[in-house]
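Understanding the architecture of this molecule
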Amino acid sequence: MPVAAPSSASSDLRSPLLYPAQPPAGDGEYATEKLCIDDMLRKYCGEFGFWQYKHFVLTSLAWALEAFHTMVMIFADREPGWRCVGQVSNCSSGAGSVCGLEPGSWEWVGGPGSSTVAEWGLVCGQKYKVGLVQALFFGGCMIGAGIFGHLSDSKLGRKGSLTVVCILNAIFGCLTALSPTYWTYALFRLLTGFSTGGVGLCAFVLATEPVGPSKRGLAGMSTFYFFSGGIAVLSGVAYIFRSWRYLYIATSIPSSLFLFLILPFVSESPRWYLVRGKMDQAMKIMHNIAIANGNYLPGGVSLALDDESSTSPNSKEEVESKEAITGSVIDVIKTPRTRLRLILVVAINFSCSVVYYGLSLNVVNLKTNLYINVLVNAVAEMPAYILTAVLLDKFGRKPLGVGTQWFSGLFCILGSLLSGHGKWKVVRMVCGVLGIFGMAGTYNLLFIYATELFPTVVRNAALGCATQAAQMGAILAPFVVVLGGGIPFAVFGVCGLVGGILTFYLPETLNRPLYDTMNGMEDGESAWTVA
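Residues numbered from 1 in each chain as written. Predicted model: local features only at pLDDT ≥ 70, side-chain atom pairs only at ≥ 80, totals over all residues. Heavy atoms only, no water.

A few points about the overall build of the protein chain
To keep things clear, this is the line we draw: Counting from the N terminus, the helices are DSSP H or I runs at least four residues long and the strands are E runs at least two residues long. Any residue under 20% of the maximum accessible area for its type is buried, any over 50% is exposed, and the rest in between are partly exposed; the area is computed with a 1.4 Å probe on protein chains only. Contacts are assigned to residue pairs with any non-hydrogen atoms lying within 4.5 Å of each other. The protein chains shown are the only cover counted for residues, whose accessible areas, like all others here, come from Shrake-Rupley with a 1.4 Å probe.
When helices and strands are counted, the protein chain shows 21 helices and 4 strands. In the protein chain, which comprises 531 residues, the share counted as buried stands at 53%. Nonlocal contacts in the protein chain, meaning residues at least 24 apart in sequence, comprise 82% of its contacts between residues at least 6 apart. Within the structure as shown, the protein chain displays about 22,200 Å² of accessible surface, and the carbon and sulfur contribution to it stands at 67%.

Observations concerning the pattern of salt bridges
Formally: Take a side-chain nitrogen of Lys or Arg and a carboxyl oxygen of Asp or Glu: if they are within 4 Å of each other, that pair is a salt bridge.
Applying the stated criterion across every chain yields a total of 8 salt bridges. Glu33 is paired through a salt bridge with Lys43; the nearest N and O atoms lie 2.7 Å apart. Taken as a pair, Glu33 in strand β1 (residues 33–35) and Lys43 in helix α1 (residues 37–45) lie far apart in primary sequence, 10 residues in all. Lys43 gets classed as partly exposed once you look at its relative accessible area, which sits at 33%. Through salt bridges with shared partners, one network takes in Asp38, Arg216 and Arg271.

As for the nonpolar core
To keep it simple, the criterion reads: Side-chain atoms within 4.5 Å are what join buried Ala, Val, Leu, Ile, Met, Phe, Trp, Tyr and Cys residues into a set we call a nonpolar core.
The biggest cluster of nonpolar side chains holds 107 residues, and the ones touching the most others in it are Phe75, Leu162, Phe258, Tyr356, Tyr357, Phe454 and Phe492. No other element matches the 12 residues that helix α19 (residues 456–481) contributes to this core. Ignoring any residue separated from it by four or fewer positions in sequence, one finds Leu162 in contact with Thr59, Ala62, Val199, Cys202, Ala203, Leu206, Phe258 and Leu263. Membership of the second largest hydrophobic core comes to 22 residues, among which are Ile37, Leu274, Ala282 and Met283.

Quick notes on helix α6 (residues 157–177)
What counts is decided by this rule: Helix span, expected: 1.5 Å multiplied by one less than the number of residues in the helix.
Taking 1.5 Å per residue as the helical rise, α6 with its 21 residues ought to reach 30 Å, and the 31 Å between its terminal C-alpha atoms agrees with that figure. Among the residues of α6, those classed as buried are Gly157, Arg158, Ser161, Leu162, Val165, Cys166, Asn169, Ala170, Phe172, Gly173, Thr176 and Ala177.

Overview of unusual backbone geometry
Of note in this structure, Cys124 is not a glycine but carries a positive phi near 55°. Considering the arrangement of structural elements, one finds Cys124 in the loop between α4 (116–120) and α5 (128–153). With relative accessibility at 36%, the residue Cys124 sits in the partly exposed group.

Details of the side chain of Gln471
Structurally, Gln471 can be placed in helix α19. For Gln471, the contacting residues outside a window of four places in its chain are Phe138, Cys141 and Met142.

Focus on the environment of Gly520
Position of Gly520 among the secondary structure elements: in helix α21 (residues 518–530). Taking relative accessible area as the criterion, Gly520 reaches 5% and is therefore assigned buried.

Description of the environment of Ile143
Within the element layout of this structure, Ile143 appears in helix α5. Take Ile143: its relative accessible area is 43%, and that puts it in the partly exposed class. Along the backbone, Ile143 and Gln471 are 328 residues apart, and their C-alpha atoms lie at a distance of 9.1 Å. For Ile143, the contacting residues outside a window of four places in its chain are Phe194 and Gln468.

A word on the side chain of Thr208
When you line up the elements, Thr208 lands in helix α8 (residues 199–208). In this structure Thr208 touches Arg216 and Gly220, once residues within four positions along its chain are discounted.

So, helix α16 (residues 370–395)
Between its first and last C-alpha atoms α16 spans 37 Å; for 26 residues at 1.5 Å apiece the expected length is 38 Å, and the two agree. Of all the residues in α16, the buried ones are Leu370, Tyr371, Asn373, Val374, Ala378, Glu381, Ala384, Tyr385, Thr388, Ala389 and Leu392. Buried-residue contacts for α16 involve α3 (62–76), α9 (213–240), α15 (336–361), α17 (397–416) and α18 (423–453). Backbone geometry just downstream of α16 places Gly396 in the positive-phi region, at approximately 95°.

Comments concerning the packing of aromatic side chains
This is how it is decided: The pairing test for Phe, Tyr and Trp rings, Trp by its six-membered ring, is centres within 6.5 Å, and the orientation test on the planes gives stacked under 30 degrees, edge-to-face over 60, and tilted for anything in between. Either the NZ atom of lysine or the CZ atom of arginine qualifies as a charge over a ring when it sits within 6 Å of the ring centre and within 35 degrees of the ring normal.
For the structure on display, the rule yields 24 aromatic pairs. Pairing Tyr185 with Tyr248 gives two aromatic rings, centres 5.9 Å apart and planes at 70°, and the pair type is edge-to-face. Taken together, the positions of Tyr185 in helix α7 (residues 182–196) and Tyr248 in helix α10 (residues 244–262) put the pair 63 residues apart, joining distant regions of the chain. Plain terms: the ring middles of Trp272 and Tyr273 are 5.6 Å apart, the flat faces sit at 50° to each other, and that makes the pair tilted. For Trp272, a relative accessible area of 4% puts it in the buried group. Taking the relative accessible area as the measure of exposure, Tyr273 reaches 17% and is therefore buried. Three or more aromatic residues link up through ring pairs in this structure, and these residues are Trp120, Tyr182, Trp183, Tyr185, Trp244 and Tyr248. Residue placement shows Lys129 over the ring face of Tyr182; its charged tip is 5.2 Å from the ring centre. The aromatic ring of Tyr239 is capped on one face by Arg242, whose charged end is 4.3 Å from the ring centroid.

Here's what the structure looks like:
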């Protein structure tokens, strides 16, 4: 008979001295109960106790690093103010731009080192180079997301991949500050994007995989607080370091600090150990979770993949001979169920990214203090995260995904019909704020939704494809913004409405198990369909 799980409500916790761990039985009965990770968390270890809380917070700090490396371009590539020099007759401070003014008749406020625009003269006919650097960065993110998504599912693991990207971010970020020319700067931004593309992806999966199914949604939704918090902190850092070179160094140092001060206290995912055939390491982590949470994991219980879990005995030779199970995007495409899911997730992430980044870029059009604008924009996203987190387990992933995208899309459509002058300009601005509010909630939801749609063996590979699609949308967004007028709002509105329609075709994952293998998912989904 399986050992009964202790009551979570009991205040009399079992002492290791009174209740020692059960030794393994003979070779024929090495384990009396085989459970998948979700069942073991529910029954014995605890779904979200002290261990998961500490692991989640430490791992999610990596999102702040991604915010630093991504949003630093707002300040480093800004066009600073300018002023006339001396009593030059053909220079007027009321001119809309410096284009057409004679060299030497004006100067940048803050000097040429205040931004890349000032240092390399990226104005007038050279202004496209600012957008090119941004596109190259997101292009690097797109490549990096796919590569590190595969590596984190295979040999490197979640923690190993996160370690590599932090090392690369620290190196490339500091080298960016030393760029002697524009094209060198563009190259290092491309390389920084390559490593940044894997940060949020690896951190999200690593933070949420040890969390139990009933708490995973709320935990997953909470990761984006760290991203918004990173943007808010960045505005203060940029206010202190007004030189773009010093700013890049200041935003790269935290990656090194995270590498040496945080990562040593972060554990590898037990799910990754399990699918790689490293049963001993996976069980060690599960025991650590149970102990830290004040629970008791009997020695006669062992882990199994979701398509193997049962209460039948498991021989010691079977456990020790488990081979690593690997998967890739090819495996996702081969299976009809996951192929359709991947296509839908990629399309939805693309459309949402166009809206989110497109609306975010409109901050510069407010013509007010840039540091305060970025801070307010970051803080404004947090209520959306709170609302979606509260409603996630009440209404489910699918209805919330449809609703937030349509909410954003409808206000964007309304903004496209309004004039950009007088009082209507303020109303259009409000439509933009409400649009980004809805899309911020969607963006938060998509990560946890996509995580639950694919099994562990291919999860990061699938998320890598979704992240690549999001980066493609980010590359396109600036080109939509430059169209001006009501056209960008119309494009954002259509993208939001189409994304909501596509979400209708995804299955609901609320309270569904997090599968480990492709076969386990097929069997489990078929059982849910029959039920």
